[in-house]
Each structure stands twice: as structure tokens, then as C-alpha cells.
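Residue-level structural notes
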Amino acid sequence: MMAMPAPDSPAEFFRQDHADYQAMYQLGLEQRDCIAREDLDGLGSSFQRLRRLMDRIRLRQEGRPAAGNTPEELHQREELRRVIAELQELRRNNEVAAQGLLSRTREELRQFQQGRRSLRGYQTTGPSEARFIDRVR
């Protein structure tokens with residue numbers, strides 16, 4: 001049976017960080033899907049969960065003991081760097097996709113507003129608002 005690391009050991013901090021960064025990556029995939037489906041409620045919800053994970057990591061890092069330079073700790077840090085790099089790449093791609101969604105939404109809004117203006121221009125005036133060529137009622 002494998003022994004569990006002590007609660008405040010560097011190995012336990014690494015395990016918790018790795019799990020949280022992996023969860024952040026999964027949330028990034030969820031956000032990518034929400035952007036593709038234009039699901040803004042789901043996107044907002046995933047951002048809230050992402051913030052909670054980031055807060056948890058930040059709080060854990062405040063209580064972290066000084067990093068050592070053992071081969072195991074160096075390997076763990078390198079593994080975290082790899083996960084974080086993948087997470088950053090996913091977030092960059094999601095940001096580009098979100099900017100595209102924002103641009104499309106703005107264009108749709110502009111077209112909708114233009115349609116409303118056009119519709120108002122084509123509305124017929126009732127008999128009480130009849131105007132003659134000389135603009136006298």
C-alpha cells in the first residue's frame with residue numbers, strides 16, 4: 001500500500017495544485033463548448049467556478065513551505081509548468097473565440113437596430129397624423 005503524503009508536505013501541495021490546474025483545464029474545455037453553443041449563462045457559471053479554483057490555489061500558495069530542489073520536486077514543478085502552459089494555450093484560444101462571438105453579437109445587434117429604424121420609416125401614419133405636401137395639417 002502506498003503511503004499518503006503528509007498534509008503539509010511539498011508532495012501534497014503539488015498533488016492539490018495539479019488537481020486544481022487539471023480542473024481549470026476541464027473548465028476551459030467547458031468554456032470552449034459554451035462559446036461554441038453561445039451559452040452565455042453556462043460561460044458565466046464556469047467563470048465563477050474558475051475564480052473559486054484560482055482563489056483556492058492562491059490561498060494554498062500563501063501557506064506553502066519553501067520550495068526544495070530535490071529531483072522529485074523539480075519534476076513536480078516541471079509537470080505543473082506543462083499543465084499551466086496547456087491551460088494558457090486553451091485560454092488564449094477561448095479568448096479568440098469569445099472575441100469572435102462578441103463581434104458577431106455586435107453585428108447582429110447593429111442589424112437589428114437598423115431593421116427597427118427601417119421599420120419605423122415604413123410605418124403608415126393614421127388619419128389623425130395626415131400631412132400634406134406643405135406640411136400643414
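What comes next concerns the included structure. (Residues numbered from 1 in each chain as written. Predicted model: local features only at pLDDT ≥ 70, side-chain atom pairs only at ≥ 80, totals over all residues. Heavy atoms only, no water.)

Regarding unusual backbone geometry
We note that Glu38 has phi near 60 degrees; this positive angle belongs to a residue other than glycine. Inspection of the secondary structure assignment puts Glu38 in the loop between helix H1 (10–37) and helix H2 (40–62). Given the relative accessible area of 43%, Glu38 is considered partly exposed. (Helix = DSSP H or I, 4+ residues; strand = E, 2+ residues; numbered from the N terminus. Buried < 20%, exposed > 50% of the residue type's maximum accessible area, 1.4 Å probe, protein only.)

Focus on the packing of H1 against H2
Two numbers describe how H1 lies on H2: the axes approach to 10 Å, and their chain directions differ by 165 degrees. With respect to H2, the element H1 is oriented roughly antiparallel. Crossing hand, H1 versus H2: left-handed. Contacts between H1 and H2 pair Phe13, Gln16, Asp17, Asp20, Tyr21, Ala23, Met24, Leu27, Glu30, Gln31, Cys34 and Ile35 from the former with Gly42, Leu43, Ser46, Phe47, Arg49, Leu50, Leu53, Met54, Arg56, Ile57, Arg60 and Gln61 from the latter. Of the residues that constitute the contact of H1 with H2, the class distribution is 13 nonpolar, 5 polar and 6 charged. (Axes fitted to C-alpha atoms, helices over the stretch in contact; angles between N-to-C directions. Parallel < 35°, antiparallel > 145°, perpendicular 65-115°, else oblique. Left-handed = near helix turned anticlockwise from the far one by under 90°. Contact = heavy atoms within 4.5 Å. Nonpolar A, V, L, I, M, F, W, Y, C, P; charged D, E, K, R; others polar.)

Quick notes on the nonpolar core
The biggest cluster of nonpolar side chains holds 10 residues, and these are Phe14, Tyr21, Met24, Leu27, Leu50, Leu53, Ile57, Leu80, Val83 and Leu87. Where this core is concerned, the elements lending two or more residues are H1, H2 and helix H3 (71–122). Considering every element that reaches this core, the biggest residue donor is H1, with 4 residues. When residues no more than four places from it in sequence are discounted, the contact partners of Leu27 are Ser46, Arg49, Leu50 and Leu53. (Core = buried A, V, L, I, M, F, W, Y, C linked by side-chain atoms within 4.5 Å.)

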